[in-house]
Amino acid sequence: MSRHGEGQARGATRAPRVALVLGSGGVRSIAAVGIVDRLQREGIRPDVVVGCSSGALFGATIAMGMEAEDALATAVDLWSAELTQQKRWRAYPQLLAPRLAGFDVDFSLRDNGLIAERLQSAFATLRLEDLPTPLRVAATDAVTGQQIVLTRGLVTQALLASMAVPFIFPSVEVDGRRLVDGVISDPLPVHAARDADVVIALGFDGAMPRRADRPSRMAAQATTALINNLMHARLDAARAGGQRIVSLELALERRVGLWETGAMPYLCEAGRRAVEAQLPEIRAMVDGWAECRVA
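Notes on the structure in this doc start here. Just so it is clear, the structure is predicted and the values come from calculations on it, not from any experiment.

For the chain, the helix and strand inventory stands at 10 helices and 9 strands. The C-alpha radius of gyration of the chain comes to 19 Å, within 12% of the 19 Å expected for a compact globule of 295 residues. Viewed in the frame of its principal axes, the chain has a C-alpha envelope of about 70 × 45 × 35 Å. Residues counted as buried form 48% of the 295 residues belonging to the chain. Sequence separation of 24 or more characterises 74% of the internal contacts of the chain that already satisfy a separation of 6 or more. Carbon and sulfur atoms form 53% of the exposed surface of the chain, whose accessible area is close to 13900 Å².

If you want it as structure tokens, here you go:
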């Protein structure tokens with residue numbers, strides 16, 4: 001495990017040429033499958049995949065070398081509303097009477113057992129360091145708030161940690177640290193690919209609630225604004241620091257729900273179109289950097 005991305009290329013013989021960085025975006029992150037499918041037609045294949053939350057989940061199917069159709073089939077099992085409906089009934093007395101009911105650092109409103117089971121069925125005992133394409137999974141240290149980039153260890157455990165939304169799902173202990181959702185520290189972890197020549201990034205602005213007519217929506221307004229601003233600030237800082245980044249945007253003609261698995265084929269096609277729209281920039285950046293290396 002590495003903190004702030006330190007030691008990411010451990011065991012690698014050279015720095016990656018092209019990195020694909022996938023941010024948190026719910027089901028929209030599956031567009032990465034279409035992105036890679038279109039890039040491959042141009043002879044471009046990511047040398048490393050970096051993912052946060054749902055981006056890490058779908059990025060894992062890419063790092064495993066799955067073809068687009070197989071990745072889609074696997075994604076349907078890994079991403080469904082059913083996974084978020086496993087309630088912990090003990091959570092309610094813990095909220096009402098924290099001391100009496102034993103509120104502690106393991107508190108969550110939902111149980112992550114079914115998520116862990118689905119991840120286990122998809123990735124079994126695969127380890128990050130053994131994947132065909134290196135996968136770096138961004139999470140957050142629940143105690144310090146620091147970004148943690150996992151580069152070694154079980155894929156299942158890393159993904160479970162990166163998707164552990166605080167308060168909703170329990171934190172996950174990895175190497176003695178309690179880890180939670182990577183979105184808390186960096187919604188689009190391009191910094192974790194700072195050793196790559198070129199970064200192709202797919203990030204998403206969270207949708208702001210239009211009305212604050214209930215406590216949950218008021219809280220959502222604040223957290224969404226914070227996460228969106230953090231993403232753009234980190235992206236600007238990376239570019240100012242010299243990282244060569246192509247940011248892809250999905251041109252969606254309709255709203256897609258967070259758990260709308262039926263929209264996955266549509267989102268994959270949107271990923272292909274996003275590459276098409278910026279193919280000249282991608283080509284110029286990839287080919288231009290290759291020429292600089294030769295020179």
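This part is about the packing of helix H3 (residues 68-78) against helix H9 (residues 264-277). Their axes nearest at 11 Å, the elements H3 and H9 cross at an angle of 135 degrees. Our classification of the angle between H3 and H9 gives oblique. The way H3 lies across H9 gives a crossing that is right-handed. For the pair H3 and H9, the contacting residues are Ala68, Leu72, Ala75 and Val76 in the first and Met264, Pro265, Cys268 and Arg272 in the second. Among the residues forming the contact of H3 with H9, the class breakdown is 7 nonpolar, no polar and 1 charged.

Attention now moves to H9. Taking 1.5 Å per residue as the helical rise, H9 with its 14 residues ought to reach 20 Å, and the 20 Å between its terminal C-alpha atoms agrees with that figure. Among all positions of H9, only Met264, Leu267, Cys268, Ala270, Gly271, Arg272, Ala274 and Val275 are buried.

Counted under the stated rule, the structure contains 0 disulfides. You can see cysteine 52 has no disulfide; the closest cysteine sulfur is in cysteine 268, sitting 19 Å from it. A relative accessible area of 0% places cysteine 52 in the buried class.

Next up on the list: the nonpolar core. With 65 residues, the main nonpolar core has Leu57, Leu119, Leu159, Leu248 and Ile282 as its most contacted residues. If we ignore the near neighbours within four places in the chain, the residues touching leucine 119 are Leu57, Leu78, Ala124, Thr156, Leu159, Leu160 and Met163. Val21, Val190, Ala192 and Met231 belong to the second-largest nonpolar core, a separate cluster that totals 16 residues.

In this section: the packing of aromatic side chains. When we look at a pair of aromatic rings, we describe it by the centre distance and by the angle of the planes. What the rule picks out here adds up to 5 aromatic pairs. An angle of 20 degrees between the planes, with centres 4.3 Å apart, marks the rings of tryptophan 79 and tryptophan 259 as stacked. Placement of tryptophan 79 in the loop between H3 and helix H4 (91-96) and of tryptophan 259 in the loop between strand S9 (245-248) and H9 is noted, with a sequence separation of 180 residues between them. Looking at tryptophan 79, the relative accessible area reads 8%, which means it is buried. A relative accessible area of 27% means that tryptophan 259 is categorised as partly exposed. For the ring pair phenylalanine 107 and phenylalanine 167, a centre distance of 5.3 Å and an interplane angle of 50 degrees mean the geometry is tilted.

Let us look at the packing of helix H6 (residues 113-123) against helix H7 (residues 155-162). Their axes nearest at 9 Å, the elements H6 and H7 cross at an angle of 145 degrees. At the point where H6 passes H7, the crossing takes the right-handed sense. Here Ile115, Ala116, Leu119, Gln120 and Phe123 of H6 lie close against H7, whose contacting residues are Val155, Thr156, Leu159 and Leu160. Each residue belonging to the contact of H6 with H7 can be placed in one class, and the counts come to 7 nonpolar, 2 polar and no charged.

How each quantity is defined
Residues numbered from 1 in each chain as written. Predicted model: local features only at pLDDT ≥ 70, side-chain atom pairs only at ≥ 80, totals over all residues. Heavy atoms only, no water. Helix = DSSP H or I, 4+ residues; strand = E, 2+ residues; numbered from the N terminus. Rg over C-alpha atoms; globule rule 2.2 N^0.38 Å. Buried < 20%, exposed > 50% of the residue type's maximum accessible area, 1.4 Å probe, protein only. Contact = heavy atoms within 4.5 Å. Areas by Shrake-Rupley, 256 points an atom, 1.4 Å probe, with all protein chains shown as cover. Axes fitted to C-alpha atoms, helices over the stretch in contact; angles between N-to-C directions. Parallel < 35°, antiparallel > 145°, perpendicular 65-115°, else oblique. Left-handed = near helix turned anticlockwise from the far one by under 90°. Nonpolar A, V, L, I, M, F, W, Y, C, P; charged D, E, K, R; others polar. Expected span 1.5 Å × (residues − 1). Disulfide = S-S within 2.5 Å. Core = buried A, V, L, I, M, F, W, Y, C linked by side-chain atoms within 4.5 Å. Phe/Tyr/Trp six-rings, centres within 6.5 Å; stacked < 30°, edge-to-face > 60°.

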